Amino acid sequence: SPEAARPEWRAGEHSLLAFLSPEKREALRRITQDYDEMMAKFSAGGLQLASDKEKLRLLRAERDRDIAALLTPDERLAYDMRTSNSGNTVRYRYGDAIESEAEFQKIFALQKAFDDKFPREAMTGRISPETIRARSEAERQLDTDLRSSLGEERYAALRRAADQDFRTVDALVSRLNLPPATTNQVLAARDSFAAESQRINSDASVPIPQRRTQIQELAARAKSDLTRALGGEAADAYAQSSSWMNMLQNGTAYATTPQPGMPGALSLGGPGQSVYPVFPAGVNTSGGVRQVFIGGGGPTDGPRA
């Protein structure tokens, strides 16, 4: 199968333990099965008590110690690359754009360091403004570290592969047999409108409601550009699902890189977030970010002018 033909570091579940001896595979299977059964008790029926989180944390720590005692450091790295949330995030986010195991290891190390600092299970419920700001800054640093570690060319290729807009537009272009350059045309428009929305947003001499109206006017221009590039039906469908078009229509400026302290930077897995909301100049953000509740639909609270 195509999955079986892929390198083990990329293949995930299909061959995740093929690098271990049969004896270690069986021992590891027993360890993970035992802990899975114990942890399942603390989320029965989909309901988790406040005290369950600490019990689960302790069980995960004990499981990790048992696995570390069984495997050599190199085996543990290989196991984590294939089975951890961090490894899955890297595979899902960048896919086949990763060119080698060495490149995967570089990205994985940076992603795991980030995830260890901000574990997914801790980023649920009500999150303090301090945690939001810290995680936002860490996400910006992760992006910087990726660029530094991989180099400009590889960084650009991987960021493009992780860009949900790129995937969506590329699928439309392929389906409608549009010129291949159409994808770049739409993404260039996205970048251009990002810069224009930030220019409007930064003019503190203009009242915020008026700035919002000006940004909403950009949405109409953007829709015209999309229609010329994609055609009316495809432009309508894309505009409805596109984060940056929705932001413009709501009068919100956006950037294509994570912004300091913004709830929009709280992307928990999945394809890379491609656009981020930007506060209007003149809004006090130091105390204006309330607690944010992270659920299935993402952040539900944010800055107040």
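Residues numbered from 1 in each chain as written. Predicted model: local features only at pLDDT ≥ 70, side-chain atom pairs only at ≥ 80, totals over all residues. Heavy atoms only, no water.

### A look at the overall build of the chain
Quick reminder of the rule: The helix and strand labels rest on DSSP assignments: H or I over at least four residues marks a helix, E over at least two residues marks a strand, and numbering proceeds from the N terminus. Relative accessibility under 20% of the residue-type maximum defines a buried residue, over 50% an exposed one, and the middle range a partly exposed one, all with a 1.4 Å probe and only protein chains included. Whether two residues are in contact is decided by their heavy atoms: any pair within 4.5 Å suffices. Accessible surface area values rest on a Shrake-Rupley calculation with a 1.4 Å probe, where residue burial reflects the displayed protein chains alone.
Scanning the chain from N- to C-terminus turns up 14 helices and five strands. Expressed as a percentage of the 305 residues in the chain, the buried residues total 41%. Looking at the chain alone, contacts between residues at least 24 apart form 62% of all its contacts between residues at least 6 apart. Summed over its atoms, the accessible surface of the chain is roughly 16,000 Å², and 51% of this surface lies on carbon and sulfur atoms.

### Side note on the pattern of salt bridges
So the rule is basically this: Throughout this description, the term salt bridge denotes a Lys or Arg side-chain nitrogen within 4 Å of a carboxyl oxygen of Asp or Glu.
Counting across every chain of the model gives 19 salt bridges. The residue Asp64 makes a salt bridge to Arg63 at a minimum N-O spacing of 3.5 Å. Judged by relative accessible area, Asp64 falls into the partly exposed class, the value being 31%. Close ionic contact of Arg76 with Asp64 constitutes a salt bridge, the shortest N to O distance being 3.9 Å. Placement of Arg76 in helix 5 (residues 73–83) and of Asp64 in helix 4 (residues 50–70) is noted, with a sequence separation of 12 residues between them. On the basis of relative accessibility, which here comes to 19%, the residue Arg76 falls in the buried class. It is possible to trace a salt-bridge network through shared partners that takes in Arg63, Asp64, Arg76 and Asp80.

### Remarks on helix 13 (residues 232–241)
Put simply, the rule is: Picture the helix axis, draw a direction to every C-beta atom, and the arc is the one those directions span.
Taken together, the buried positions of helix 13 are occupied by Ala234, Ala235, Tyr238 and Ala239. For helix 13, the angular spread of the buried residues around the axis is 130°, confining them to a single face. Among the exposed residues of helix 13, those oriented more than 90 degrees off its buried face are Glu233, Gln240 and Ser241. Of the surrounding elements, those touching the buried residues of helix 13 are helix 10 (164–175), helix 11 (181–201), helix 12 (208–230) and helix 14 (243–249).

### Some words on the packing of aromatic side chains
The condition is simple: Pairing of aromatic rings covers Phe, Tyr and the six-membered ring of Trp, with a centre-to-centre limit of 6.5 Å; geometry is then stacked below 30 degrees between planes, edge-to-face above 60, and tilted otherwise.
Evaluated as defined, the whole model comprises five aromatic pairs. Measuring from centroid to centroid gives 5.7 Å for Phe114 and Phe118, while their planes differ by 45°, and the two rings are tilted. The same class applies to Phe114 and to Phe118, which are both buried. Linked through ring pairs, Phe193, Tyr238, Trp244 and Tyr254 together constitute an aromatic cluster.

### Describing unusual backbone geometry
Glycine aside, a negative phi is what most residues show, and trans is what most peptide bonds show. A positive phi angle is found at Asn177, which is not glycine, with a value near 55°. Structurally, Asn177 is set in the loop between helix 10 and helix 11.

### Brief notes about helix 9 (residues 152–162)
For helix 9, the complete set of buried residues consists of Arg154, Tyr155, Leu158, Ala161 and Ala162. The buried residues of helix 9 occupy one face: seen down the axis, they fall within an arc of 130°. On its buried face, helix 9 is in contact with helix 6 (85–94), helix 7 (101–117), helix 8 (129–150) and helix 10.

### So, the packing of helix 5 against helix 6
Defined as follows: Axis definition: a line fit to C-alpha positions, over the contact stretch in the case of helices; interaxial angles, taken between N-to-C directions, run 0 to 180 degrees. When an angle is under 35 degrees it counts as roughly parallel; over 145 it counts as roughly antiparallel; between 65 and 115 it counts as roughly perpendicular; any other value is oblique. Side-chain classes are defined by residue name, with Ala, Val, Leu, Ile, Met, Phe, Trp, Tyr, Cys and Pro counting as nonpolar, Asp, Glu, Lys and Arg as charged, and the others, Gly among them, as polar.
Closest axis-to-axis distance for the helix 5/helix 6 pair is 5 Å, and the angle between their directions is 55°. As far as their axial angle goes, helix 6 and helix 5 are oblique. Contact with helix 5, carried on its side by Asp80, Met81, Arg82 and Thr83, involves Asn85, Gly87, Asn88 and Arg91 of helix 6 and no other residues of that element. When the residues that make up the contact of helix 5 with helix 6 are grouped by side-chain class, the tally is one nonpolar, four polar and three charged.

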